[in-house]
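A closer look at the structure
Residue strings, one per chain:
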Amino acid sequence: MRINKLFYLFLSAHLIIWTLIPSITNRNLPLDVIEALAWGSNLDWGFNKHPPLSAFAVEIFYTIFGNQDWAYYFLSQIFVVSAFYFVFKLSKKILNNDRYALLSIFLLEGIFFYNFTTPEFNVNVCQLPFWAMTAYYAIQCLEKYKTKDCILLGIVAALGFLSKYLFIYLIISILIFYLINFDKYKFKKNYLIVAIVFIVILIPHLLWLVNNDYITIFYGLKRTGESKAFLDHFILPFIFLIKQIGILIPLVLMMIFLLKKIKIYFNFKNKHFFYLLSISILPVGLMFLTSMLMAFKIKTMWMTPFYLFFGTFLIYIFQKQIDVKKIKKFYVVFLFIFALSPLLYGYISLNYPFKRTSFDGKGLAKYAQSEWDKKFKTEIKFVRGENEWIAGNLSYHLKSRPKWERKFSKNYLNDKKKDELKIQGVILSNK
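Analysis parameters
- Residues numbered from 1 in each chain as written.
- Predicted model: local features only at pLDDT ≥ 70, side-chain atom pairs only at ≥ 80, totals over all residues.
- Heavy atoms only, no water.
- Core = buried A, V, L, I, M, F, W, Y, C linked by side-chain atoms within 4.5 Å.
- Buried < 20%, exposed > 50% of the residue type's maximum accessible area, 1.4 Å probe, protein only.
- Helix = DSSP H or I, 4+ residues; strand = E, 2+ residues; numbered from the N terminus.
- Contact = heavy atoms within 4.5 Å.
- Axes fitted to C-alpha atoms, helices over the stretch in contact; angles between N-to-C directions.
- Parallel < 35°, antiparallel > 145°, perpendicular 65-115°, else oblique.
- Left-handed = near helix turned anticlockwise from the far one by under 90°.
- Nonpolar A, V, L, I, M, F, W, Y, C, P; charged D, E, K, R; others polar.
- Polar contact = N/O pair within 3.5 Å; in protein donor to acceptor, adjacent residues only side chain to side chain.

Describing the nonpolar core
Judged by nonpolar contacts, the single largest core of 117 residues is most densely connected at Tyr72, Leu308 and Phe309. Considering each element in turn, this core owes the most residues, 15 residues, to helix 4 (residues 69-95). Those residues in contact with Phe309, other than ones at most four positions away along the chain, are Val87, Leu90, Trp131, Ala132, Ala135, Leu276, Ile279 and Ser280. Ranked by size, the runner-up nonpolar core spans 13 residues in total, among them Ala38, Trp39, Phe47 and Ala391.

Structural notes on the packing of helix 2 (residues 31-40) against helix 16 (residues 388-397)
Between helix 2 and helix 16, the least distance of the axes is 8 Å, while the angle of their chain directions is 65°. Looking at the two axes, helix 2 sits roughly perpendicular to helix 16. Our pair here, helix 2 against helix 16, has a crossing hand that is left-handed. Residue-level inspection shows Leu31, Ile34, Glu35, Leu37, Ala38 and Trp39 of helix 2 in contact with helix 16, the latter providing Glu388, Trp389, Gly392, Asn393 and Tyr396. Taken together, the residues that form the contact of helix 2 with helix 16 break down as seven nonpolar, two polar and two charged.

As for the environment of Tyr114
Structurally, Tyr114 can be placed in the loop between helix 5 (98-107) and helix 6 (123-144). Residues Tyr114 and Phe84, spaced 30 residues apart in sequence, show a C-alpha to C-alpha distance of 9.4 Å. Within the local environment of Tyr114, its side chain forms a polar contact with the backbone nitrogen of Tyr307, the two atoms lying 3.3 Å apart.

Overview of the packing of helix 4 against helix 13 (residues 310-317)
When two helices pack together, their arrangement is captured by the angle between the axes and the distance separating the axes. Relative to each other, helix 4 and helix 13 sit at 20°, their axes nearing to 10 Å. Overall, the two elements helix 4 and helix 13 adopt an arrangement that is roughly parallel. In the crossing of helix 4 with helix 13, the sense of the turn from one axis to the other is right-handed. Only Thr312, Ile315 and Tyr316 of helix 13 make contact with helix 4, whose side of the interface consists of Val87, Ser91, Ile94 and Leu95. Residues of the contact of helix 4 with helix 13, tallied by class, amount to five nonpolar, two polar and no charged.

A few points about the side chain of His397
Relative to the helices and strands, His397 resides in helix 16. His397 gets classed as buried once you look at its relative accessible area, which sits at 9%. At a separation of 3.0 Å, a polar atom in the side chain of His397 contacts the side chain of Asn28. Once residues lying within four places of it in the same chain are set aside, the contact partners of His397 are Asn28, Asn67, Gly361, Lys362 and Ala365.

Right, here's the structure in full:
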């Protein structure tokens with residue numbers, strides 16, 4: 001009970017602090033949040049850059065809270081702590097030790113993906129709870145064969161994919177684990193439920209994707225880099241590897257404070273250990289392999305959900321070397337990092353005025369509204385512009401919440417009469 005109380009105290013503190021700090025120190029919402037809000041103002045089953053779930057999430061919160069900035073920092077932290085909750089549940093199952101499971105969660109504070117970058121709700125943060133839930137319900141389905149778990153697995157896996165296509169790396173990793181251990185698990189008809197639920201949820205987005213010439217896929221491929229020299233097959237994965245090592249250094253240093261000596265423990269007879277390898281190491285390995293084979297440039301932030309189980313993995317392989325007497329020292333280090341991250345975030349927000357979060361979006365909207373009111377008596381119904389940042393800020397901050405459109409449809413002017421245009425009101429925002 002003490003461990004559980006500490007865990008929920010941590011979740012509450014994380015939720016409150018990382019909602020409060022950016023709400024106080026930021027003048028405007030981050031870029032990706034404004035972008036998602038722009039998409040949410042004119043919901044569809046997909047957008048030019050990403051699948052639709054992040055836009056659905058912020059639009060639900062806009063419907064409830066309106067243009068209150070703190071609500072979207074709160075939304076982001078809900079996604080983060082929900083992921084922590086399911087990582088904790090799976091860690092207890094794999095480690096069979098509540099204290100070790102708690103330590104595996106505390107170790108995640110050493111990865112800036114789970115603190116410093118979380119105020120910006122985006123497709124990477126949107127994946128987090130579904131990544132953790134998919135890993136949890138996948139092993140439940142394999143061991144318990146409950147229909148309820150299979151339905152939930154199909155739902156959360158589909159929602160993860162609708163957050164970002166890179167979610168497929170976790171799904172592939174779990175499938176590889178199952179195929180390798182096929183003889184250890186009975187095939188059940190319930191597994192078909194997972195596939196059916198997964199596909200049914202994806203159908204609207206897949207139809208949208210076909211009707212829009214696979215625009216999100218081509219956008220993602222473009223982001224990996226256009227020049228494909230032969231040496232890129234070696235240079236780019238090497239750079240990727242170095243970056244991942246750099247990201248994990250604080251996590252490893254925190255782990256050292258727990259150990260008597262560095263001696264790795266592997267239990268190759270433990271199926272849970274192989275599953276842990278599959279959901280922690282294998283997705284990163286597949287990403288590295290993709291970079292090598294395709295000469296893809298992997299963006300650092302794309303790896304946000306990939307390290308959710310790295311704390312659990314380190315605790316597992318070093319569990320026999322954990323010194324109980326050093327746990328208090330570890331807590332001191334953890335609390336230092338836990339306090340330092342929001343303080344550093346707040347300091348940067350207040351002292352670096354040329355960031356997106358320092359942009360005067362409210363002032364821009366106020367100016368646009370005043371200029372509009374000089375000429376028109378109608379409400380602004382649409383904001384049209386290629387630049388989601390400017391158009392998104394207008395859509396978010398204007399009282400009428402105009403819908404954002406990247407561009408009008410080809411037949412827009414033919415379909416809409418001129419008097420309707422005047423009634424609806426359109427602002428054209430330049431790049």
